[in-house]
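# Analysis of the macromolecular model
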Amino acid sequence: QLWSAYVRQLERSPLRVKMGSAVVIFGSSDLATQLVEGAPARKVDPLRTGRMVAFGCCATLFVHTWWGKLEPLAAAVFCPTASRLPNTLLKVSLDQTFGAGTFNLLFFAQSAAMEGHGVDGVADRVRSHWWPQMQRHWCFWPWFHSVNFYHNPLHVRVFFQNIALVGWGALLSSVGARAARGADRGAEDQAG
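Here we summarise the structure given alongside this text. (Residues numbered from 1 in each chain as written. Predicted model: local features only at pLDDT ≥ 70, side-chain atom pairs only at ≥ 80, totals over all residues. Heavy atoms only, no water.)

Now for the overall build of the protein chain. Along its length, the protein chain carries six helices and zero strands. The secondary structure elements of the protein chain, listed N-terminal to C-terminal, are α-α-α-α-α-α. Expected size for 192 residues packed as a compact globule is a radius of gyration near 16 Å; at 18 Å, the protein chain falls within 12% of this value. Taken along its principal axes, the extent of the C-alpha atoms in the protein chain is 65 × 35 × 25 Å. Partitioning the intrachain contacts of the protein chain with sequence separation of at least 6 by distance along the chain shows that 71% fall at a separation of at least 24. Within the structure as shown, the protein chain displays about 10400 Å² of accessible surface, and the carbon and sulfur contribution to it stands at 66%. Positive and negative side-chain charges in the protein chain, numbering 18 and 12 respectively, have mean positions lying 9 Å apart. (Helix = DSSP H or I, 4+ residues; strand = E, 2+ residues; numbered from the N terminus. Rg over C-alpha atoms; globule rule 2.2 N^0.38 Å. Contact = heavy atoms within 4.5 Å. Areas by Shrake-Rupley, 256 points an atom, 1.4 Å probe, with all protein chains shown as cover. Lys, Arg positive; Asp, Glu negative; His and termini not counted. Charge placed at Lys NZ, Arg CZ, Asp CG, Glu CD.)

Core analysis: the largest hydrophobic core is formed by 24 residues, its most contacted members being Phe26, Phe55, Phe103 and Leu172. Mapped onto this core, the elements with two or more residues apiece are helix H2 (14-36), helix H3 (46-77), helix H4 (84-114), helix H5 (119-151) and helix H6 (154-191). Other than its neighbours up to four places away in sequence, Phe26 contacts Met52, Val53, Phe55, Gly56, Leu165, Gly169 and Leu172. Core analysis: the next-biggest nonpolar cluster, separate from the first, contains six residues, Leu10, Val17, Val156 and Val158 among them. (Core = buried A, V, L, I, M, F, W, Y, C linked by side-chain atoms within 4.5 Å. Buried < 20%, exposed > 50% of the residue type's maximum accessible area, 1.4 Å probe, protein only.)

Before going further, it helps to spend a moment on the side chain of Thr33. Of note, Thr33 is situated in helix H2. Looking at Thr33, its side chain comes within polar contact range of the main-chain oxygen of Ala170, at 3.4 Å. Contact partners of Thr33, with chain neighbours within four places excluded, come to Arg48, Ala170, Ser173 and Ser174. (Polar contact = N/O pair within 3.5 Å; in protein donor to acceptor, adjacent residues only side chain to side chain.)

On to the packing of aromatic side chains. As enumerated under the stated definition, the model contains 17 aromatic pairs in all. Centre to centre, the rings of Phe107 and Phe108 are 5.0 Å apart; their planes meet at 70°, and the pair counts as edge-to-face. Taking the relative accessible area as the measure of exposure, Phe108 reaches 0% and is therefore buried. Seen from the ring of Tyr150, Arg84 lies directly overhead, with NZ or CZ sitting 4.2 Å from the centre. (Phe/Tyr/Trp six-rings, centres within 6.5 Å; stacked < 30°, edge-to-face > 60°. Lys NZ or Arg CZ within 6 Å of the ring centre and 35° of its normal.)

Side chains that differ in charge, positive against negative, can pair when their charged atoms come close. As enumerated under the stated definition, the model contains seven salt bridges in all. Close ionic contact of Arg48 with Glu37 constitutes a salt bridge, the shortest N to O distance being 3.0 Å. Placement of the pair is Arg48 in helix H3 and Glu37 in the loop between H2 and H3, with a sequence separation of 11 residues. Arg48 gets classed as buried once you look at its relative accessible area, which sits at 11%. Of the charged contacts, one joins Arg157 and Glu71 as a salt bridge, the two residues approaching to 2.7 Å between their closest N and O atoms. Of this pair, Arg157 sits in helix H6 while Glu71 sits in helix H3, and the two are 86 residues apart along the sequence. Across this residue pair, the class does not change: Arg157 and Glu71 are buried. One continuous salt-bridge network, built from bridges that share partners, spans Asp30, Glu37 and Arg48. (Salt bridge = Lys/Arg side-chain N within 4 Å of Asp/Glu carboxyl O.)

Have a look at this one:
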């Protein structure tokens, strides 16, 4: 019954349900990461959590739109029923090139901008962290999405992605925090 209720809500208000999920996933992932990193509960950084939640909402909007375009694009090349495997492989290839590249670029650009860095700071953050993050990304997501895209219809794929995003959100939170600490040290070095 719970699954049926979720799917009904997803069909009625897909973006609202996905955004609500993103708030919970990215917020809880960041809070858990801060606690695991050793922050006592009273020292949890709510701005860091807010940045992760804001990114989660932006990323959800991007993925919702991107996957909506990706599905008909791949279907125009390979019929999703007659050529299911080639259709899936094309979607995964495009998603892990353009989709993943944009997702990770958004993460570093948005987090740096929300931390108050100007255009140069944003560009530096993207330049120094985007490629290593893409390499981490490709260790997991192509395999996950090969299964997700092959077995699940478009409207429920995000549910399964969200399950994986609980752990991935924690990784992003940790990577983002390290990037911010590195940027802060760089600014201190320049000031000193």
